[in-house]
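A structural walkthrough
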Amino acid sequence: MTWLELWEFVEALPYDSMTRSALAGDHTRRRWTEAEYMQASSLSLMQHMIQVMWAAHLEGKPPKVVPWTLPDLRTPEQLAEDEARKARRAAIQAHFREATRPGATPDPEYARRLAQAREEHLRLMAQAAEESTTG
């Protein structure tokens, strides 16, 4: 058997097999089987149907239902990247809130970028006006 044939066999394995889980980076077997995905979809569909039937045939507002949560299939590396991204976003938002607070000292980098954006906007408007008069 060649490596290509072996790879084709591995690719033909079911989604919930241990080999496919390990290839996807899931070494702790957090994956659901296909049956579990189908059961969660069926439950969510039934909850939706109950809401529709309640709204159609009964008085009052239908009960609010929470759809079944699917498992988190991210690897630990992806989770760490997401946490780092959240931390960077929070730092940027905090910096922006601080810089735009009334009475705050203006950020020179923000002022420079704003002036640059205004100049670019004015240049593009002048170019569009020139093209409309010549065209």
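Let's talk about the overall build of the chain
Within the chain, the regular secondary structure consists of five helices and zero strands. If you list the helices and strands of the chain from N to C, you get α-α-α-α-α. Over its C-alpha atoms the chain spans a radius of gyration of 28 Å, topping by over 25% the 14 Å that the globule rule assigns to 135 residues. For the chain, the C-alpha atoms occupy an extent of roughly 65 × 65 × 45 Å along the three principal directions. Counting over 135 residues, the chain shows a buried share of 8%. Long-range contacts, defined here as pairs at least 24 residues apart, represent 33% of the contacts in the chain between residues at least 6 apart.

As for the side chain of Gln47
Structurally, the position occupied by Gln47 is in helix α3 (residues 34-57). If sequence neighbours within four positions are ignored, Gln47 has contacts with Val65, Val66, Pro67 and Trp68.

So, the pattern of salt bridges
For the structure on display, the rule yields six salt bridges. Of the charged contacts in the structure, one is a salt bridge between Glu109 and Arg112, with a shortest N-O distance of 2.7 Å. Here Glu109 and its partner Arg112 are both found in helix α5 (residues 108-134), three residues apart, which amounts to about one turn of the helix. Residue classification places Glu109 among the partly exposed positions, given a relative accessible area of 33%. Arg112 gets classed as partly exposed once you look at its relative accessible area, which sits at 44%. One continuous salt-bridge network, built from bridges that share partners, spans Glu109, Arg112 and Arg113.

A short note on a nonpolar patch on the surface
Together, Met1, Trp3, Leu6 and Phe9 give the surface a local cluster of nonpolar side chains, amounting to about 570 Å² of exposed area. Along the chain, the position of Trp3 falls in helix α1 (residues 3-11). Overall, the relative accessible area of 73% leaves Trp3 in the exposed class.

Thoughts on the environment of Ser44
Of note, Ser44 is situated in helix α3. Classification of Ser44 by relative accessible area gives partly exposed; the value is 24%. In this structure the C-alpha to C-alpha distance between Ser44 and Thr69, which are 25 residues apart in sequence, comes to 9.5 Å. Setting aside its immediate chain neighbours within four residues, Ser44 contacts Pro67 and Trp68.

Some remarks on the environment of Glu98
With respect to the secondary-structure elements, Glu98 resides in helix α4 (residues 76-99). Of note is the side chain of Glu98, whose polar atom sits 2.5 Å from the side chain of Arg101.

Parameters at a glance
- Residues numbered from 1 in each chain as written.
- Predicted model: local features only at pLDDT ≥ 70, side-chain atom pairs only at ≥ 80, totals over all residues.
- Heavy atoms only, no water.
- Helix = DSSP H or I, 4+ residues; strand = E, 2+ residues; numbered from the N terminus.
- Rg over C-alpha atoms; globule rule 2.2 N^0.38 Å.
- Buried < 20%, exposed > 50% of the residue type's maximum accessible area, 1.4 Å probe, protein only.
- Contact = heavy atoms within 4.5 Å.
- Salt bridge = Lys/Arg side-chain N within 4 Å of Asp/Glu carboxyl O.
- Patch = residues over 30% accessible without salt bridge, like charges linked within 9 Å, V, L, I, M, F, W, Y side chains within 5 Å.
- Areas by Shrake-Rupley, 256 points an atom, 1.4 Å probe, with all protein chains shown as cover.
- Polar contact = N/O pair within 3.5 Å; in protein donor to acceptor, adjacent residues only side chain to side chain.

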